[in-house]
Amino acid sequence: MIKINDLAIPTLDDVDFSAKKVLVRIDVNSPIDPKTGKLLDDSRLRAYNTTIKELVQRGNSVVLISHQGRPGDDDFVSLREHAEVLSKYLEVNVEFVEDVMGPYARERIKKMGKGEVILLDNVRLVSEELIEASPAQHAKSYLVRRLSPLFDGYVNDAFATAHRSQASLVGFPIVLKSSAGRLMEREIFALAKIFNPEDYPKVFVLGGGKVLDSVRIIENLVKKRMADRILTGGLIAELFAVAKGLDIGKENMKVLEKLGILSLVPRARKILLAGGPIEIPVDFKVEKDGNVIEEPVNRITGVIKDIGSTTVGIYSSFIKEAKVIVMRGPMGVIEDERFREGSKKLLEDALESPGYLIIGGGHMISVLGNANVNSSKVHVSTGGGALLLFLAGEKLPALEALSISSSGMKV
Ligand SMILES: Nc1ncnc2c1ncn2[C@@H]1O[C@H](COP(=O)(O)OP(=O)(O)O)[C@@H](O)[C@H]1O
Ligand SMILES: O=C(OP(=O)(O)O)[C@H](O)COP(=O)(O)O
C-alpha cells in the first residue's frame with residue numbers, strides 16, 4: 001500500500017491478480033514526427049516492462065489502454081507502431097487491436113488466453129475520454145460500461161497522465177478491483193526520496209508547449225513558495241515576455257494568438273505581480289527567411305524556435321548553484337535538430353551539477369536519450385505536468401480514484 005497525504009493506494013502486492021483478465025492503463029504518449037507520423041522517441045514505452053511482465057508471469061491476460069496526442073494535433077496517431085515497439089522491449093507479442101470499445105475489441109478481449117497481451121487503439125478516439133469529470137460521472141461513461149464487464153481488475157500505471165480526470169483513469173477504479181502498477185509505485189517512492197521540500201535553492205526549468213498546464217503549475221509553485229527560481233523556455237517564455245510588456249514581434253504574437261495563449265497573459269501578469277520568481281530568456285534563436293539567427297528579446301524579427309546562447313549561459317549558472325533542479329518541457333522546437341541545442345546544453349549542465357535532478361516530460365526525456373545518469377541523484381520521471389503538480393502537493397485525480405477504489409467506497 002502506498003500512503004501519501006490522506007490517500008492509501010493499493011499496489012500489485014495488495015490485490016490478487018493471478019490468472020485474471022486485467023485492464024492496464026499505461027501512458028505511451030510520445031513525441032511524433034509531424035511529417036511521417038512515426039515515433040521520434042520510445043523511452044516511455046520501455047517504462048512498463050516490469051508491470052506487464054509481472055502480470056503475464058502471474059498468468060493474467062493483459063489488455064493495455066493508452067492515449068497518444070490530442071485530436072486535431074499532428075501527434076494524434078494510432079497506436080499500431082507503439083504495439084510493435086512494446087513487443088520488442090517486452091519480448092512478448094503485443095497484439096494491436098484497431099478498436100477501443102466496439103464489437104471487434106470486445107470479442108477479442110473475451111477470447112483472450114492466459115499470458116496474452118493486447119494494446120487497444122488510442123483511447124482518445126472516444127470523445128468521452130476528453131472530458132474532465134468526476135470518477136462517479138466517468139464510471140457511467142460508455143467506455144467504462146462497455147469494457148469493465150470483461151475484466152476482473154484494473155491497474156493504473158500511467159503516472160504521466162495521473163493529473164487528468166478522464167474516463168480511462170478515474171472511471172474504472174470505481175467499478176473494478178484496482179491497484180497502481182509498478183511504475184506508478186516507483187515514481188512516487190523515487191520522488192519522495194529525491195525531492196525534499198526543505199532543500200533550497202530549488203530551480204525549475206519549464207519549457208514546452210502545454211502553456212495552460214504550465215501556468216497552472218507555476219501558480220501552484222508560487223502559491224506554495226516551492227520554487228526559488230523558475231527559468232522559462234519554449235512557448236511559456238514567450239507568454240511571460242509578453243506579460244512583462246516586451247515586444248516579441250508580430251509573427252510570434254500571431255503564433256500565441258492562434259494557440260490561444262494570449263488569453264493567458266492576465267494570469268501570467270498576476271503571477272509576476274505576486275512575486276513569482278520568473279526568469280525569461282534575454283535572447284532567442286529564431287528562424288528568419290530560412291536562416292537561423294540569434295536575437296535579443298527586445299529586438300525580435302524572426303520566429304522564436306529556441307533560447308539563445310547568452311540565456312543558456314545565464315540559466316546554466318543558476319542550475320549549477322541549485323540544490324534541486326526540476327526540468328520539464330524543452331526550451332525549443334527540438335523536433336528540428338537546429339533548435340535542440342538550448343535544451344541539450346541545459347540538460348548536460350544539470351547532469352553535471354551537484355544538485356539533485358528530476359527530469360520529466362516526454363520531450364525532455366527524448367533529449368536525454370541514452371545518456372548515463374547517476375540514479376542516486378537523478379530521477380528520470382515519465383511524468384511532465386503530473387510530476388510538477390505532484391511535487392507542488394496537488395492531489396492527482398487518478399491516484400485519488402485508486403484510493404477511493406481501495407476504500408470500497410462507491411461514489
Ligand atoms: N518556441 C516554441 N515554439 C513552438 N513550439 C515550441 C517552442 N518551444 C517548444 N515547443 C514545442 O513544445 C513541444 C513539447 O512541449 P510539451 O508537450 O509541453 O513537453 P513534454 O512532452 O516534455 O511535457 C514540442 O513539440 C516543441 O516543438
Ligand atoms: O505527455 C503527457 O503529459 P506531459 O506533456 O505533461 O508529460 C501525458 O501523456 C498527458 O497528455 P495530455 O497533456 O495530452 O493530457
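Residues numbered from 1 in each chain as written. Chains lettered and ligands numbered in written order. Predicted model: local features only at pLDDT ≥ 70, side-chain atom pairs only at ≥ 80, totals over all residues. Heavy atoms only, no water.

*Asks:* Got a sec to walk through the site of ligand 2? Specific residues and values, please.
*Replies:* The environment of ligand 2 is formed by 14 residues, the closest being Asp27, Arg124, Arg164, Lys210 and Gly385. Take Arg44: an N or O atom from its side chain is 2.9 Å from an oxygen atom of ligand 2. Summarising the interface, the protein chains cover 95% of the accessible area of ligand 2, which totals 390 Å² for the free molecule. Tallied by class, residues from the shell around ligand 2 come to 1 nonpolar, 6 polar and 7 charged. Built from parts of two domains, the shell around ligand 2 gets at least three residues from each of domain 1 (2-184) and domain 2 (196-391). (Near = heavy atom within 4 Å. Polar contact = N/O pair within 3.5 Å; in protein donor to acceptor, adjacent residues only side chain to side chain. Areas by Shrake-Rupley, 256 points an atom, 1.4 Å probe, with all protein chains shown as cover. Nonpolar A, V, L, I, M, F, W, Y, C, P; charged D, E, K, R; others polar. Domains from an automatic or database assignment.)

*Asks:* Please set out the pattern of salt bridges residue by residue, giving values where relevant.
*Replies:* Taken as a whole and judged by the stated rule, the model has 24 salt bridges. Its salt-bridge partner being Arg46, residue Asp42 comes within 3.1 Å of it at the nearest N-O pair. Where Glu98 meets Arg80, a salt bridge forms, and the shortest distance between an N and an O atom there is 3.3 Å. Within this pair, whereas Glu98 is found in the loop between β5 (94-97) and α4 (103-110), its partner Arg80 is found in helix α3 (residues 80-90), the two being separated by 18 residues in sequence. One connected set of salt bridges, linked through shared partners, spans Asp13, Glu54, Arg58, Arg182 and Glu185. (Salt bridge = Lys/Arg side-chain N within 4 Å of Asp/Glu carboxyl O. Helix = DSSP H or I, 4+ residues; strand = E, 2+ residues; numbered from the N terminus.)

*Asks:* Give me the sheet that holds strand β14 (residues 303-307): which residues, what numbers.
*Replies:* Strand order in this open sheet of 3 strands is β13-β12-β14, and the pairing throughout is antiparallel. A single partner strand is all that each edge strand has here, and the edge strands are β13 (291-296) and β14. Across this sheet, the average inter-strand angle for adjacent strands is 40 degrees, counted without regard to direction. Across 4 bridges, the pairing between strand β12 (residues 283-288) and β14 is antiparallel. Each residue of the ladder has a partner; that of Lys285, found in β14, is Asp306. (Pairing = 2+ DSSP bridges. Axes fitted to C-alpha atoms, helices over the stretch in contact; angles between N-to-C directions.)

*Asks:* Tell me about the side chain of Glu129, and please be specific about residues and values.
*Replies:* Its place among the elements puts Glu129 in the loop between β6 (117-120) and α5 (135-139). On the accessibility criterion, Glu129 (0% relative accessible area) is buried. Separated by 3.4 Å, the side chain of Glu129 and the backbone nitrogen of Ala167 make a polar contact. Setting aside residues no more than four positions away along its own chain, Glu129 makes contact with Arg25, Val123, Arg124, Leu143, Gln166, Ala167 and Ser168. (Buried < 20%, exposed > 50% of the residue type's maximum accessible area, 1.4 Å probe, protein only. Contact = heavy atoms within 4.5 Å.)

*Asks:* Lay out the pairing of strand β16 (residues 356-360) with the relevant residues and their values.
*Replies:* Burial runs high along β16: 4 of the 5 residues are buried. As defined by bridge partners, strand β15 (residues 324-328) adjoins β16 across 5 bridges and the pair is classed as parallel. Each residue of the ladder has a partner; that of Met327, found in β16, is Ile359. Read as a crossover between parallel neighbours, the route from β15 over helix α14 (residues 341-352) to β16 is right-handed. In this sheet, strand β17 (residues 378-380) lies alongside β16 in parallel orientation, the contact comprising 3 bridges. In the sheet register, Ile359 faces β17, and the bridge partner there is Val380. You can see the chain leave β16, run along helix α15 (residues 362-368) and come back into β17, and the turn it takes is right-handed. (Right-handed = clockwise from strand over helix to strand, strands pointing away.)

*Asks:* Please provide a residue-by-residue account of empty space enclosed by the protein, values included.
*Replies:* A complete count under the given rule lists 1 cavity of 30 Å³ or more for this structure. Approximately 30 Å³ is the volume found for the largest cavity. Lining the largest cavity are Asn29, Pro31, Asp41, Ser43, Arg44, Gly362 and Ile365. Breaking the lining of the largest cavity down by element, the ones donating at least two residues are α1 (43-46) and α15. For the lining of the largest cavity, the class distribution of residues is 2 nonpolar, 3 polar and 2 charged. (1 Å grid on protein atoms, 1.4 Å probe; cavity = no way out; pocket = protein on both sides within 12 Å on 5 of 7 lines; lining within 4 Å. Points joined across faces, edges and corners; volume = space filled by probe spheres on them.)

*Asks:* Can you break down the layout of surface pockets residue by residue, with the values?
*Replies:* The space that makes up the second largest pocket amounts to roughly 600 Å³. In terms of lining residues, the second largest pocket is bounded by 24 residues, among which Arg186, Val373, His379, Val380 and Ser381 are the most central. Taken together, the elements giving at least two residues each to the lining of the second largest pocket come down to α1, α8 (182-194), α15 and β17. Of the residues contributing to the lining of the second largest pocket, the split by class is 11 nonpolar, 8 polar and 5 charged. Taken domain by domain, the makeup of the lining of the second largest pocket includes at least three residues from each of domain 1 (2-184) and domain 2 (196-391).

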